[in-house]
Amino acid sequence: MTPADLPTASPRALLLDVDGTLVDSTYVHVSTWARALAEARAPVPHVEVHRRIGKDGSTLVAELLEVAGVEGDDEVRDRVAGRAKDLHDEYYADAADSLRLLPGARDLVRGAKEAGWITVLATSAPPSEFRHARALLDVDDHVDAVTTGEDVDTAKPDPTVVAIALERAGVEAEHAVMVGDATWDAIAAGKLGIRSIAVRTGGIGDDELRAAGYAEIADDAAGVLALLGRL
């Protein structure tokens, strides 16, 4: 048998959530959503916001309006929801300069690519938010593809954005790994048969992460990089 006859390993893809996984934005979202909802006359406890961060924005707002006890017909609720979304966008943009990378974020992207992984930034964040995170990461030369909120109508736990990331990676689900910080990342990946690894940097407890379907849990992106060597 010649070297050309030897079987080659299938390409593998690392699908990386961004907010809360690579960029320390979870609690910025919590505070800006809480402030926006309060000003839209739908105040809710911060904990109710936190447990929904990473979820589709429209679903997040609809659920939080229920928590706030907002009453009225669809027109009233749509008006409150629209006001809250606009305020959140404004407040989050104002806070963008306070965002920082999480430990090991840049090293994970670069290390995975250098180890032969196809790397995809699989986010459903609006392009305006993603542009700042992308500039902060500064890893474009190690990224094969990206997704943003422009690619989907509904974000996680709907699996569409993960399916698009998988398609852009050009591998089968069995050869991909999703890395995220929220339960919604694992739920979305699980619907497609994709294995997932959690980071604790989103503030979600291990029991919840495991229940959502994560196969492994690491402290942060640096911990994920250490895990990749044995996957």
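Asks: Talk me through a negative patch on the surface; I want residue IDs and the actual numbers.
Replies: Taken together, the side chains of Asp-73, Asp-74, Glu-75 and Asp-78 define an acidic patch exposed on the protein surface. Position of Asp-73 among the secondary structure elements: in the loop between helix 3 (57-68) and helix 4 (74-94). Assessed through its relative accessible area of 46%, Asp-73 is described here as partly exposed.

Asks: Run through the pattern of salt bridges, naming residues and quoting values.
Replies: Pairing between side chains becomes possible if they bear opposite charge and their charged atoms approach one another. Throughout the structure, instances matching the rule amount to 15 salt bridges. For Glu-63, the salt bridge is made with Arg-52, and the minimal N-O distance between the two is 2.8 Å. Residue Glu-63 is found in helix 3, and its partner Arg-52 is found in the loop between helix 2 (46-50) and helix 3; the two are separated by 11 residues along the sequence. Each of Glu-48, Arg-51, Arg-52, Lys-55 and Glu-63 takes part in one network of salt bridges that share partners.

Asks: Got a sec to walk through the side chain of Asp-181? Specific residues and values, please.
Replies: Positionally, Asp-181 belongs in the loop between strand 4 (176-180) and helix 8 (183-191). Within the structure, the side chain of Asp-181 is placed 3.2 Å from the side chain of Thr-21, a separation counted as a polar contact. Aside from chain neighbours lying at most four places away, what touches Asp-181 is Asp-17, Asp-19, Gly-20, Thr-21, Thr-26, Val-199, Gly-202, Ile-204, Leu-209 and Tyr-214.

Asks: Give me the lowdown on the packing of helix 3 against helix 4, citing residues and values where you can.
Replies: Packed helices, taken two at a time, are described by their axes: the angle between them and the distance between them. Two numbers describe how helix 3 lies on helix 4: the axes approach to 10 Å, and their chain directions differ by 120°. With respect to helix 4, the element helix 3 is oriented oblique. When the axes of helix 3 and helix 4 are compared, the crossing they make is right-handed. Of the residues in helix 4, those in contact with Gly-57, Ser-58, Val-61, Ala-62, Leu-65 and Glu-66 of helix 3 are Arg-77, Val-80, Ala-81 and Lys-85. Residue classes in the contact of helix 3 with helix 4 are distributed as five nonpolar, two polar and three charged.

Asks: Run through the pairing of strand 5 (residues 195-199), naming residues and quoting values.
Replies: For strand 5, the buried fraction is high: four of the five residues fall into the buried class. In this structure, strand 4 lies alongside strand 5, joined through four bridges in parallel fashion. By the bridge assignment for strand 5, Val-177 is matched with Arg-195. Each parallel crossover has a hand, and for strand 4 linked through helix 8 to strand 5 it is right-handed. Here strand 5 runs beside strand 6 (residues 216-218); their pairing, made up of three bridges, is parallel.

Asks: How would you summarise the sheet that holds strand 5 if you had to cite specific residues and measurements?
Replies: Read across the sheet, six strands follow the order 3-2-1-4-5-6 without closing on themselves; strand pairing throughout is parallel. Edge positions in the open sheet fall to strand 3 (145-147) and strand 6, since each of these has one partner strand only. For this sheet, the mean inter-axis angle between neighbouring strands, taken without regard to orientation, is 20°. The pairing of strand 1 (residues 13-16) with strand 2 (residues 118-122) spans four bridges and is classified as parallel. Bridge assignment links Leu-15 to a residue of strand 2, and that residue is Val-120. Packed on one face of the sheet, helix 5 (residues 105-114) meets strand 1 and strand 2 and runs near 165° to strand 1.

The rules we used
- Residues numbered from 1 in each chain as written.
- Predicted model: local features only at pLDDT ≥ 70, side-chain atom pairs only at ≥ 80, totals over all residues.
- Heavy atoms only, no water.
- Patch = residues over 30% accessible without salt bridge, like charges linked within 9 Å, V, L, I, M, F, W, Y side chains within 5 Å.
- Areas by Shrake-Rupley, 256 points an atom, 1.4 Å probe, with all protein chains shown as cover.
- Salt bridge = Lys/Arg side-chain N within 4 Å of Asp/Glu carboxyl O.
- Lys, Arg positive; Asp, Glu negative; His and termini not counted.
- Charge placed at Lys NZ, Arg CZ, Asp CG, Glu CD.
- Helix = DSSP H or I, 4+ residues; strand = E, 2+ residues; numbered from the N terminus.
- Buried < 20%, exposed > 50% of the residue type's maximum accessible area, 1.4 Å probe, protein only.
- Polar contact = N/O pair within 3.5 Å; in protein donor to acceptor, adjacent residues only side chain to side chain.
- Contact = heavy atoms within 4.5 Å.
- Axes fitted to C-alpha atoms, helices over the stretch in contact; angles between N-to-C directions.
- Parallel < 35°, antiparallel > 145°, perpendicular 65-115°, else oblique.
- Left-handed = near helix turned anticlockwise from the far one by under 90°.
- Nonpolar A, V, L, I, M, F, W, Y, C, P; charged D, E, K, R; others polar.
- Pairing = 2+ DSSP bridges.
- Right-handed = clockwise from strand over helix to strand, strands pointing away.

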